[in-house]
Amino acid sequence: MDRKIPVLFKEKKECCGCTACYAICSQMAISMIEDEEGFEYPQIDEKKCIKCYQCLKVCPFKET
Amino acid sequence: MAINEKKAYAAYYDNDIRMKSSSGAIFSLLANEVLEKKGIVYGVAMNASCTEAEYIGITEKQDLEKLLGSKYLQAKIKNIFKNVRENLVLNRLVLFTGTGCQINGLKKFLQKDYKNLICVDIICHGVPSPALWKEYVGYMENKMQGKMEKVNFRCKDQGWENFGMKEYGSSKEVYISKSKDPYMQMFLSDFCLRPSCYECKAKTLRLSDLTIGDFWGIDTIAPEMNDSKGTSLVIVRTNQGEKIFNRLISKSSVKVMEVEYDDATKENPAEFRSVYRPKERETFFIDMKKMDFEELRKSYLSLPIKQRIKNAIKKILKPVLKRARRGGIKSNLDYGMLMQFNVGEKNE
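The structure reproduced in this document is the subject of the present report. (Residues numbered from 1 in each chain as written. Chains lettered and ligands numbered in written order. Predicted model: local features only at pLDDT ≥ 70, side-chain atom pairs only at ≥ 80, totals over all residues. Heavy atoms only, no water.)

**Description of the overall build of chain B**
No. 1: Of the regular secondary structure elements, chain B holds 12 helices and 12 strands.
No. 2: For 348 residues, the compact-globule estimate of 2.2 N^0.38 gives 20 Å, and the C-alpha radius of gyration of chain B, at 20 Å, lies within 12% of that figure.
No. 3: Relative to its full complement of 348 residues, chain B shows a buried share of 53%.
No. 4: When the accessible surface of chain B is summed, it comes to about 17000 Å², and 51% of that surface belongs to carbon and sulfur atoms.
No. 5: Computing the positive centroid from 59 side-chain charges and the negative centroid from 44, chain B places the two 2 Å apart. (Helix = DSSP H or I, 4+ residues; strand = E, 2+ residues; numbered from the N terminus. Rg over C-alpha atoms; globule rule 2.2 N^0.38 Å. Buried < 20%, exposed > 50% of the residue type's maximum accessible area, 1.4 Å probe, protein only. Areas by Shrake-Rupley, 256 points an atom, 1.4 Å probe, with all protein chains shown as cover. Lys, Arg positive; Asp, Glu negative; His and termini not counted. Charge placed at Lys NZ, Arg CZ, Asp CG, Glu CD.)

**Considering unusual backbone geometry**
All names here are of chain B.
No. 1: The phi dihedral of Lys78 falls on the positive side, at around 50°, and the residue is not glycine.
No. 2: At Gln145, a position not held by glycine, the phi torsion is positive, near 55°.
No. 3: Topologically, Gln145 is positioned in the loop between helix H5 (130-144) and strand S6 (147-155).

**Remarks on the side chain of Arg154 of chain B**
All names here are of chain B.
No. 1: Following the sequence through the fold, Arg154 ends up in strand S6.
No. 2: Residue classification places Arg154 among the buried positions, given a relative accessible area of 2%.
No. 3: A polar contact of 3.3 Å, which involves the side chain of Arg154, links it to the backbone oxygen of Ser22. (Polar contact = N/O pair within 3.5 Å; in protein donor to acceptor, adjacent residues only side chain to side chain.)

**Side note on the sheet that holds strand S7 (residues 163-168) of chain B**
All names here are of chain B.
No. 1: Strand order in the open sheet made by the four strands is S6-S12-S8-S7, with antiparallel pairing throughout. At either margin of the open sheet sits one strand with a lone partner, and together these are S6 and S7. Pairwise comparison of adjacent strand axes, ignoring direction, gives a mean angle of 15° for this sheet.
No. 2: The pairing of S6 with strand S12 (residues 336-342) spans six bridges and is antiparallel. By the bridge assignment for S12, Val151 is matched with Met339. (Pairing = 2+ DSSP bridges. Axes fitted to C-alpha atoms, helices over the stretch in contact; angles between N-to-C directions.)

**Here we look at helix H8 (residues 239-249) of chain B**
Residue and element names in this part refer to chain B.
No. 1: Considered for burial, the residues of H8 that qualify are Gly241, Ile244, Phe245 and Leu248. With its buried residues spanning 95° around the axis, H8 presents them on a single face.
No. 2: If you follow the buried residues of H8, they end up packed against strand S1 (2-13), helix H1 (26-36), strand S5 (117-122), strand S9 (210-214), strand S10 (232-238) and strand S11 (254-259). (Arc of directions from axis to C-beta. Contact = heavy atoms within 4.5 Å.)

**What to know about the environment of Thr283 of chain B**
No. 1: Summarising the element assignment, Thr283 of chain B is placed in helix H10 (residues 281-290).
No. 2: Along the sequence, Thr283 of chain B and Lys143 of chain B sit 140 residues apart, while their C-alpha atoms lie 26 Å from each other.

**Here we look at the interface of chain B and chain A**
No. 1: Taken together, the contact pairs 32 residues of chain B with 28 residues of chain A.
No. 2: Surface buried jointly by chain B and chain A totals about 2400 Å² across both partners, of which 55% is contributed by carbon and sulfur atoms.
No. 3: Its largest share of buried area at the contact with chain A, chain B owes to Lys108, Arg194 and Lys201 of chain B, together 26% of the area lost on that side.
No. 4: A salt bridge links Glu37 of chain A to Arg281 of chain B; its shortest N-O distance comes to 2.8 Å.
No. 5: Put simply, chain B and chain A have 13 residue pairs in polar contact (both at pLDDT 80 or more) between them.
No. 6: When residues of the side of chain B that touches chain A are traced back to their parent elements, those giving at least two are helix H3 (80-89), helix H4 (100-110), H5 and H10 of chain B.
No. 7: Considering every element that reaches the side of chain B that touches chain A, the biggest residue donor is H4 of chain B, with six residues.
No. 8: Looking at side-chain class alone, the side of chain B that touches chain A contains 13 nonpolar, eight polar and 11 charged residues. (Buried area = accessible area lost by both parts, 1.4 Å probe. Salt bridge = Lys/Arg side-chain N within 4 Å of Asp/Glu carboxyl O. Nonpolar A, V, L, I, M, F, W, Y, C, P; charged D, E, K, R; others polar.)

**Side note on the layout of surface pockets**
Residues and elements named next belong to chain B.
No. 1: In this structure, the second largest pocket spans a volume of roughly 810 Å³.
No. 2: Contributing to the lining of the second largest pocket are 28 residues, with Lys20, Glu65, Lys150, Val151 and Asn152 lying nearest its centre.
No. 3: If you list the elements that add at least two residues to the lining of the second largest pocket, you get strand S2 (40-46), helix H2 (64-67), S6 and S12.
No. 4: In terms of residue class, the lining of the second largest pocket is built from 12 nonpolar, six polar and 10 charged. (1 Å grid on protein atoms, 1.4 Å probe; cavity = no way out; pocket = protein on both sides within 12 Å on 5 of 7 lines; lining within 4 Å. Points joined across faces, edges and corners; volume = space filled by probe spheres on them.)

**A closer look at the sheet that holds S9 of chain B**
Residue and element names in this part refer to chain B.
No. 1: Pairing within the open sheet is mixed, and its eight strands lie in the order S3-S2-S4-S5-S9-S10-S1-S11. The sheet terminates laterally at strand S3 (53-58) and S11, the two strands that pair on one side only. This sheet shows a mean twist of 25° between the axes of neighbouring strands, independent of strand direction.
No. 2: The sheet contact formed by S2 and S3 spans six bridges and is antiparallel. Looking at S3, one finds that Val41 is bridged to Ile58.
No. 3: This element, H3, spans S2, S3, strand S4 (94-98) and S5 of the sheet and lies at about 155° to S4.
No. 4: Each of S3, S4 and S5 touches H4; the most contacted strand, S5, lies at about 155° to it.

**A closer look at the packing of aromatic side chains**
The relative placement of two aromatic rings is captured by the distance of their centres and the angle of their planes.
No. 1: Inspection of every chain in the model, using the stated rule, returns 21 aromatic pairs over all chains.
No. 2: With a centroid separation of 5.3 Å and 85° between ring planes, the pair formed by Phe284 of chain B and Phe285 of chain B is classed as edge-to-face. Each member of the pair, Phe284 of chain B as well as Phe285 of chain B, carries the same accessibility label: buried.
No. 3: Linked through ring pairs, Tyr72, Trp133, Tyr136, Tyr139, Phe153, Tyr183, Phe187 and Phe293 of chain B together constitute an aromatic cluster.
No. 4: Taking NZ or CZ as reference, Lys6 of chain B lies 4.6 Å from the ring centre of Tyr261 of chain B, over its face.
No. 5: Across the ring face of Tyr41 of chain A, the terminal group of Arg194 of chain B is positioned such that the distance to the ring centre comes to 4.2 Å. (Phe/Tyr/Trp six-rings, centres within 6.5 Å; stacked < 30°, edge-to-face > 60°. Lys NZ or Arg CZ within 6 Å of the ring centre and 35° of its normal.)

**A few points about empty space enclosed by the protein**
No. 1: Scanning the model with the defined rule gives four cavities of 30 Å³ or more in all.
No. 2: Looking at the largest cavity, its volume works out to about 170 Å³.
No. 3: Put simply, the parts of the chain that give the lining of the largest cavity at least two residues each are H4 and S5 of chain B.
No. 4: Within the lining of the largest cavity, the residues separate by chemical class into 11 nonpolar, five polar and four charged.
No. 5: One number sums up the size of the second largest cavity: a volume of about 120 Å³.
No. 6: Looking at the second largest cavity, it is lined by 15 residues, and the ones nearest its centre are Cys15, Cys18, Cys21, Pro42 and Cys59 of chain A.
No. 7: Among the residues forming the lining of the second largest cavity, the class breakdown is 12 nonpolar, two polar and one charged.

The structure is reproduced here in structure tokens:
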């Protein structure tokens, strides 16, 4: 399988920090990390990620 | 299921709790009902040190006060979405309140509709930075020489003037009106919002059952609904929301009036439109890292002389105009921050 690690957002304006991706991840591969402005963004641990893309499915910013 | 046409109402709960609420205490009314049915209410509270806003779930009426009043910074959600799902699966009644985007996120996470879930969002201007809030707490604690132990972003007790201080025992209480408070001014100038807020997705897609906000402009739309203690704007979006709202307003202590959606949202456009991203947003946080809060305030809130003169004139005219418009009646438009500091350790 050569599925890629999911991209949760390209630019910060594409994430509202809702935690849906963090909460759905069955591998607990996503952490919510504060940036320098104090806002939380999800970060994927590539070692834990099984590329199931559930995180993309639940993201309110994605079309699906 | 979403209803075809959104319905809008001016409403308030005529109860003492309204003075502790941001606008018309409609959330309290709903939350009380859910708690009476042994449900669980999720919303945002300040933590004990007032440094962060966080989601909590409550089951007791005595904790309701923690969730009242807007918190003007983005809240930490932690594992709340999973807790909500657990409650729902166990058939517990859940009321979840938050910003439109948080509710959209929760609904997408749940991936199915639950009959025992009620979602209420607030009309949201955008969420300010939690890091800026921490800077402000530090600045105020330094000024007051004490630890912040309480904050109310929406104090509408009109006994306070623009700025005031009271001291009793080991506590000091400070009131700063929103027009004087630097944190509120940075927020209302849109310098410090989350990047996604300037192009908010939730303005066009809302998955909540009900939306609650301030009914700004009540005096032109429904003056009989303004008794100066605060009126909520309620928007009904789903069948579920309609059922719940109709049940709430059947109570004798609730005053309600249906209004046109377009009229009702005119003075609170955050319901349908994101705020404009000001050019100051580019440098604001870079400067926040470099400067202390006082320097940041001076750099961003000191206006050019022309604007200052304009504002001074406005300030003289405003109360006159306001009184004329309202026929002498005050409303809860003039709110401010009420903070309590523990200055007890001063003598140690």
